[in-house]
Amino acid sequence: MPGPEKLNAQTATHHPVKGHRLSNMCRTFLNIRKGIEQLLPAQPCVLCGSMNDEGLWCGPCDKALPYLYNLHCPVCAMPTPAGEICGQCLKHPPLFTNTVAVFGYAFPLDKLIHAMKYGGQLALAHAFAIKLALEIDKDALPDYLIPMPLHPVKLRERGFNQSLLLAADVARFHQLDLLPDACRRVRDTPPQSIQPWKDRKQNVRNAFCCDIDLSGKRVALVDDVLTSGASMDALAEAVRNKGASEISAWVVARTLPH
Ligand SMILES: [Zn+2]
Ligand SMILES: [Zn+2]
């Protein structure tokens, strides 16, 4: 095995990381996962508490999750009546051209995402990553996966970047090249969730920079939740400025219209 790669943006290399070349943090995460898998089948469902051997949550709870089965906009995954491009994407097309999303961001999925991000339940990231990986068209894989970067201050507070955990597992699943440190968040912006919708684009403008040449490369950007799409678009702008020819958004969940 090659030496461990640092997640620290200042010291990290920009070499792609194949599924098997993972950072210490990812390895720890995968070990936690392994430990959890070994505990099967005696596992209480994270949603209803009933013992089950199907994974972190039981079959009935899985069926009740808000899967994004409906027809939706191919660009941003917002549900539309006939699967056409939504009005927002027609008016202001984002720089990513398609979105893969597994779930609508609704109860109880929102609680699970929250538990992953703020409760440190990292095993959930693996379960979500597998769901996301299964949605990806394996005949149209990108050259690189890039996780939504966290600002170093937030990374220190949280201790991990959930988007990197997701991207690492999806990369492993499809044997894709992961670029964990190609992009950096250079401005620690106030959380998008407390911004009025209309201000979100401005809030994240120039928040990201990309340090490597991506000329002619197809890139998928990975995040946990796509809300207004402003952060995703800002990151897409950073990679497009470095020459990316095709940019996709891969997310676990997408917020739905109220
Ligand atoms: Zn359950
Ligand atoms: Zn759209």
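Before going into details, it helps to say that this report is about the structure given with it. (Residues numbered from 1 in each chain as written. Chains lettered and ligands numbered in written order. Predicted model: local features only at pLDDT ≥ 70, side-chain atom pairs only at ≥ 80, totals over all residues. Heavy atoms only, no water.)

### So, the pairing of strand E8 (residues 218-226)
Here's step 1: With 8 of 9 residues buried, E8 lies mostly within the body of the structure.
Here's step 2: Where strand E4 (residues 144-147) lies against E8, 4 bridges are found, and the strand directions are parallel. Residue pairing for E8: Tyr 144 is matched across the bridge by Val 219.
Here's step 3: Pairing of E8 with strand E9 (residues 246-254) involves 8 bridges; the strand directions are parallel. For Asp 223, the partnering residue across the bridge sits in E9 and is Val 251.
Here's step 4: What joins E8 to E9 is helix H9 (residues 230-241), and the crossover it makes is right-handed. (Buried < 20%, exposed > 50% of the residue type's maximum accessible area, 1.4 Å probe, protein only. Helix = DSSP H or I, 4+ residues; strand = E, 2+ residues; numbered from the N terminus. Pairing = 2+ DSSP bridges. Right-handed = clockwise from strand over helix to strand, strands pointing away.)

### Observations concerning the coordination of the zinc ion (ligand 2)
Here's step 1: Protein-derived coordination of the zinc ion (ligand 2) comes from Cys 73 (SG), Cys 76 (SG), Cys 86 (SG) and Cys 89 (SG), at a distance range of 2.2 to 2.4 Å.
Here's step 2: The coordination sphere of the zinc ion (ligand 2) comprises 4 donor atoms, whose angles at the metal cover 103 to 116°; the geometry is tetrahedral.
Here's step 3: Every donor residue of the zinc ion (ligand 2) comes from the same chain, spaced as C-x2-C-x9-C-x2-C. Here Cys 86 lies in the loop between helix H2 (59-64) and helix H3 (87-91) and Cys 76 lies in the loop between H2 and H3, a separation of 10 residues in the sequence. Neither residue differs from the other here; Cys 76 and Cys 86 are each classed as buried. (Donors = N, O, S within 2.8 Å, 3.2 Å for Na, K, Ca; no water. Tetrahedral: all angles 85-135°; square planar, octahedral: opposite > 155°, others 65-115°.)

### Some words on the coordination of the zinc ion (ligand 1)
Under perfect tetrahedral coordination by four donors, a metal shows angles of 109.5 degrees; under perfect octahedral coordination by six donors, it shows angles of 90 or 180 degrees.
Here's step 1: Within the protein, Cys 45 (SG), Cys 48 (SG), Cys 58 (SG) and Cys 61 (SG) serve as the donor atoms for the zinc ion (ligand 1), at 2.3 to 2.4 Å.
Here's step 2: Seen from the zinc ion (ligand 1), its 4 donor atoms lie at angles of 104 to 117°, and the figure they make is tetrahedral.
Here's step 3: Each donor residue of the zinc ion (ligand 1) belongs to the same chain, and together they define the spacing C-x2-C-x9-C-x2-C. Within this pair, whereas Cys 45 is found in the loop between strand E1 (43-44) and strand E2 (51-52), its partner Cys 58 is found in the loop between E2 and H2, the two being separated by 13 residues in sequence.

### A word on the sheet that holds strand E5 (residues 177-178)
Here's step 1: Reading across the sheet, the 5 strands line up as E3-E9-E8-E4-E5 and stay open at both edges, with parallel pairing between neighbours. The open sheet has two edge strands, strand E3 (98-104) and E5, and neither has a second partner.
Here's step 2: The sheet contact formed by E4 and E5 spans 2 bridges and is parallel. Counterpart to Leu 145 in the pairing with E5 is Leu 178.
Here's step 3: Contacts from helix H5 (residues 123-135) reach E3, E8 and E9, with the element oriented near 135° to E3.
Here's step 4: H9 contacts E4, E8 and E9 of the sheet and is inclined by roughly 160° relative to E8. (Contact = heavy atoms within 4.5 Å. Axes fitted to C-alpha atoms, helices over the stretch in contact; angles between N-to-C directions.)

Remember that the coordinates give geometry; whether it matters functionally is a separate question.
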